[in-house]
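Summary of the model geometry
Below are the chains, spelled out letter by letter.
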Amino acid sequence: MKLAFIIDPIQHLNPYHDTSVALMEAAYILGHEVWITQANHLSVLQGKAWGLLELVEMTPIKQSTQGWMTAHNWYKLSGSHNFCALEAMDAVFMRIDPPVTVSYLYATYILDYIDQNQTLVINSPKGIRAANEKMYALQFTSAIPETIVTADKGTIRQFIENKGSAVLKPLGNKAGEGILILSDGDRNFNSMVELSTNQGKMPVMIQTFIPEANKGDKRILLLDGKPLGAVNRLSGPGEFRNNMATGGTVAKTEITPRELEICADLAPTLVEDGLIFVGIDVIGGYLTEVNVTSPTGIRELDRLNNTLTGLQVIQWIQSKKNSA
């Protein structure tokens, strides 16, 4: 197969952590062509999406008792670019890191001009636009903690007074950026809300604080609505956020029956929206986020469980194409 990956500049990717690298590596191991491009290299010509693509060879990293090990030069670019219709690819991965900016949205509009009956797009550009990673979870009311979304300070204050404490999340940030704990009686309440809502102009999510957060934040990876595995993310010293980007660590874990119920609840909607490769976050048996832009966790999952999750994803694409 020919697989295209729309990524951030490859030299900025971390081969020990980045799921995009794990997926490209898996495709290369299985003998497929791996092509890369960036959002600003996408175009629409004659009603079709095109990209300026470059072929890349991968040197797979290896696992040791010390963690992942890789060659200094873990990728090799061909040095020549090929401007071609993206429908010439068997699959296109949209793997640019959030936040979802205007330029990011424009890239998804360009990807709309790929015939998805011919080329698989992971994830669907329409699905990405429909699935703000905070807001998307709100439709699964039986799975989420009590949650409001508002820019109104009075509404937020009333929620905090009723609950005692809650978590404030900006709707457009990533990696735990801007997440705050709000407590009843906090003298900084007004300032924190004003900053987070841009003086009442920008809605934020306020979510009941889940005490089990101190036991970790579970990332479950889903492929076509089915769980591939999970890792438990634990906060670092002096930090309440469990994100790896804020110094958190990961630990081996299992998917509980309650979490399998959540996955089953989400699956039909994810499949319908074309959200094929997704990472959901679960705390204390509650769904808190649905990550669809460039969900990560494969490297950590493989390191802890001695698995090859990237190969499962690429093999699923192979079977999908073979059955088409």
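So, here is what we can say about the structure in this document.

Cut-off values and rules
All residue numbers here refer to positions counted from 1 along the written sequence of the relevant chain. The predicted nature of this model means local features are confined to residues of pLDDT at least 70 and side-chain atom pairs, given and counted, to a pLDDT of 80 or more, with totals for whole chains, interfaces and linings taken over all residues. The side-chain quantities take in all heavy atoms of the structure and omit both hydrogens and water. Summary of the burial criterion: residues with accessible area below 20% of their type's maximum are buried, those above 50% are exposed, and those between are partly exposed, where the area comes from a 1.4 Å probe applied to protein chains only. Where helices and strands are cited, they refer to DSSP runs of H or I of at least four residues and of E of at least two residues respectively, numbered from the N terminus. Strand pairing is assigned whenever DSSP detects at least two bridges linking the two strands. In this analysis an axis means a line fitted to C-alpha atoms, helices contributing only their contacting stretch, and an angle means the value between N-to-C directions, from 0 to 180 degrees. Throughout, a residue-residue contact means that at least one pair of heavy atoms, one from each residue, lies within 4.5 Å. Between Lys or Arg on one side and Asp or Glu on the other, a salt bridge is scored when a side-chain nitrogen of the former is within 4 Å of a carboxyl oxygen of the latter. Pairing of aromatic rings covers Phe, Tyr and Trp, the last through its six-membered ring, and needs centres within 6.5 Å; plane angles under 30 degrees mean stacked, over 60 mean edge-to-face, and all others mean tilted.

The next subject is helix 7 (residues 298-305). Every buried residue of helix 7 is accounted for by Ile 298, Arg 299, Glu 300, Leu 301 and Asp 302. The first or second residue beyond helix 7 is Asn 306, which carries a positive phi of 55 degrees.

A few words now on the environment of Tyr 16. Checked against the element boundaries, Tyr 16 lands in the loop between strand 1 (2-7) and helix 1 (19-29). C-alpha of Tyr 16 to C-alpha of Gly 285: the two residues are 269 residues apart in sequence and 29 Å apart in space.

Here we take up the sheet that holds strand 16 (residues 249-252). Read from one edge to the other, the open sheet built from five strands follows the order 16-15-14-17-18, with strand pairing classed as antiparallel. Of all strands in the sheet, those bounded by a partner on one side alone are strand 16 and strand 18 (286-291). Mean inter-strand twist for the sheet, computed between neighbouring axes without regard to direction, equals 30 degrees. One ladder, built from five bridges, connects strand 17 (residues 277-283) with strand 18; its direction is antiparallel. The partner of Gly 279 across the bridge, within strand 18, is Asn 291. Sheet contacts for helix 6 (residues 257-272): strand 14 (217-223), strand 15 (226-234), strand 17 and strand 18; angle to strand 17, the most-contacted strand, approximately 145 degrees. The sheet strands contacting helix 7 are strand 14, strand 15, strand 16 and strand 17, and the helix crosses strand 15 at an angle near 90 degrees.

Moving on: the pattern of salt bridges. In the structure shown here, the tally under the stated rule is twelve salt bridges. Residues Asp 112 and Lys 126 are paired through a salt bridge, measuring 3.6 Å at the closest nitrogen-oxygen approach. On the criterion of sequence distance, the pair formed by Asp 112 in the loop between helix 2 (102-111) and strand 9 (120-122) and Lys 126 in helix 3 (residues 125-130) is long-range, its members being 14 residues apart. Under the relative-accessibility criterion, Asp 112 is labelled partly exposed at 23%. Each of the salt bridges in this network shares a partner with another, and the network as a whole consists of Asp 217, Arg 219, Arg 233 and Asp 281.

Scanning the model with the defined rule gives five aromatic pairs in all. Here the aromatic rings of Tyr 106 and Tyr 109 are separated by 6.4 Å at their centres, their planes lie at 35 degrees, and the arrangement is tilted. Taken together, the positions of Tyr 106 and Tyr 109, both in helix 2 and three residues apart, correspond to about one turn of that helix. What makes Tyr 106 exposed here is its relative accessible area of 52%. On the basis of relative accessible area, Tyr 109 is assigned to the partly exposed category, the value being 40%.

What follows deals with the environment of Trp 74. With respect to the helices, strands and loops of the structure, Trp 74 is situated in the loop between strand 6 (67-69) and strand 7 (75-85). With 49 residues separating them in the primary sequence, Trp 74 and Glu 25 have C-alpha atoms 9.6 Å apart. Once residues lying within four places of it in the same chain are set aside, the contact partners of Trp 74 are Ile 10, Leu 13, Pro 15, Val 21, Glu 57, Met 58 and Thr 59.

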